[in-house]
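Overview (structure and organization)
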Amino acid sequence: MAKRNKAMDAEIAGTLMGDIGKFELLMVTHWKLIVAAGIAVVIVIGLVFGFNSCRKAADRKAANALSAATTEDQLERALNEYPDNVAARFARLRLARLYINAGRFEDAVQQFQLLEKSGAPQEMLNRIRLDQAYLLENAGKIKEAAEQFDRYSRDSALPAAIRAEAGYSAGRLFAEQKMLAKAVADLQLAVSLLPEIGSGNIEWCRLARFLMLNIEGGAYGPYAPAVPEKTTPEKTAPKK
């Protein structure tokens, strides 16, 4: 039995030594190729790491330049240099508002159009729509602006806060045109959205309520609330 165990141990040891020998032979024969492959892997990893680091550094530089720009000239230069950076969306929105304040309405419209094509998030697109309506107002197109605000206030797909702002703005512009019934309807809609908005960002509902009370109090001229139409019951034929 002992002889048999010794023979088995010897066979296992021989097999292991054979495998180790094969590995050593492989290393001796192909060591240059193995070393070159290892160096290549290290170089590739270094290049990928370096590329990612450079890209992140470039993105940070672009974002910093776009965020730091405040004047028209600064924003225009930054947007020309980094038009595709994510921060460019907010920079375009700021530039459009500067154009509006300066009366450069066509330039503002161009920035809004670029923003809509930039894949901006839905929240920003909602803001852009309202700003475009404000742009019409600043351009003196009061009727068009009021109708656009009115349309947004009744769009149930928009957030309640956006709808409330649109409702107040529509009511304000309709009141300026002495279209008081329409104004009150939009203002009532804005006030009704208060439960959906909750405790935050409710100033539009408050402003709408205040303006509605002023209209009903005669601040914009005689106001007669719309009287709902009376429906007459259908007459049924007498039973025979």
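Residues numbered from 1 in each chain as written. Predicted model: local features only at pLDDT ≥ 70, side-chain atom pairs only at ≥ 80, totals over all residues. Heavy atoms only, no water.

Regarding the environment of Leu-95
Note the cut-off: Strands are runs of DSSP state E lasting at least two residues, helices are runs of H or I lasting at least four, and both sets are numbered from the N terminus onward. Note on contacts: a residue pair is in contact if any heavy atoms of the two residues lie within 4.5 Å.
Along the chain, Leu-95 turns up in helix α3 (residues 87-101). Spatially, the C-alpha atoms of Leu-95 and Phe-112 are 9.7 Å apart, while their sequence positions differ by 17 residues. The contacts of Leu-95, once residues within four sequence positions are left out, are Glu-72, Leu-75, Glu-76, Leu-79 and Gln-111.

Side note on the packing of helix α8 (residues 180-192) against helix α10 (residues 203-216)
Condition: As a rule, the C-alpha atoms of each element are fitted with a line to give its axis, helices using only the stretch in contact, and angles between N-to-C directions run from 0 to 180 degrees. Note: crossing handedness is left-handed where the near helix turns anticlockwise from the far helix by less than a right angle, and right-handed where it turns clockwise. In the scheme used here, Gly and all other residues not listed as nonpolar or charged are polar, with Ala, Val, Leu, Ile, Met, Phe, Trp, Tyr, Cys and Pro taken as nonpolar and Asp, Glu, Lys and Arg as charged.
At their nearest, the axes of α8 and α10 sit 8 Å apart, and the two run at 150° to each other. In this structure, α8 meets α10 at a crossing whose hand is left-handed. Contact with α8, carried on its side by Leu-180, Ala-183, Val-184, Leu-187, Gln-188, Ala-190 and Val-191, involves Cys-205, Ala-208, Arg-209, Leu-211, Met-212, Ile-215 and Glu-216 of α10 and no other residues of that element. Per-class residue counts for the contact of α8 with α10 are 11 nonpolar, one polar and two charged.

Quick notes on the packing of aromatic side chains
Inclusion rule: Centres within 6.5 Å make a pair out of two Phe, Tyr or Trp rings, where for Trp the six-membered ring is used; the pair is then stacked when the planes are under 30 degrees apart, edge-to-face when over 60, and tilted otherwise. The buried label goes to any residue with under 20% of its type's maximum accessible area, the exposed label to any with over 50%, and the partly exposed label to all in between, with areas taken from a 1.4 Å probe on protein chains only. Lysine and arginine charges are scored as sitting over a ring when NZ or CZ, respectively, is within 6 Å of the ring centre and within 35 degrees of the ring normal.
Tallied over the entire structure, the rule returns two aromatic pairs. Ring plane angle 65° and centroid distance 4.9 Å describe the contact between Tyr-134 and Phe-149, whose orientation is recorded as edge-to-face. With Tyr-134 in helix α5 (residues 122-138) and Phe-149 in helix α6 (residues 142-153), the pair connects residues that are 15 residues apart, well separated along the chain. Of the two residues, Tyr-134 and Phe-149, both sit in the buried class. Summarising the aromatic geometry, the rings of Tyr-168 and Trp-204 are spaced 5.8 Å apart at their centres and angled 40° between planes, so their arrangement reads as tilted. Here Tyr-168 is found in helix α7 (residues 160-176), whereas its partner Trp-204 is found in helix α10, with 36 residues between them in sequence. Above the face of the Tyr-152 ring, Arg-151 is positioned so that its terminal group lies 5.8 Å from the ring centre.

Concerning unusual backbone geometry
Here the phi dihedral of Lys-178 falls at roughly 65°; this positive angle occurs in a residue that is not glycine. Tracing the backbone shows Lys-178 in the loop between α7 and α8. Relative accessible area serves as the criterion here: at 53%, Lys-178 is assigned to the exposed category.

Observations regarding the pattern of salt bridges
Cut-off, in case you're wondering: By definition, a salt bridge exists where a carboxyl oxygen of Asp or Glu is found within 4 Å of a side-chain nitrogen of Lys or Arg.
Counted according to the given criterion, the structure contains 10 salt bridges. The partner of Asp-107 in a salt bridge is Arg-104, with the nearest N and O atoms 2.9 Å apart. Take Asp-107: its relative accessible area is 26%, and that puts it in the partly exposed class. With a relative accessible area of 31%, Arg-104 lands in the partly exposed category. In this structure, the salt-bridge partner of Arg-127 is Glu-165, at a minimum N-O distance of 2.9 Å. Here Arg-127, found in helix α5, pairs with Glu-165, found in helix α7; they are 38 residues apart in sequence, far enough to count as distant. You can call Glu-165 buried: its relative accessible area is 5%. Three or more residues joined by partner-sharing salt bridges are found here, namely Glu-72, Glu-76, Arg-104 and Asp-107.

These results come straight from atomic positions and should not be treated as a statement about function.
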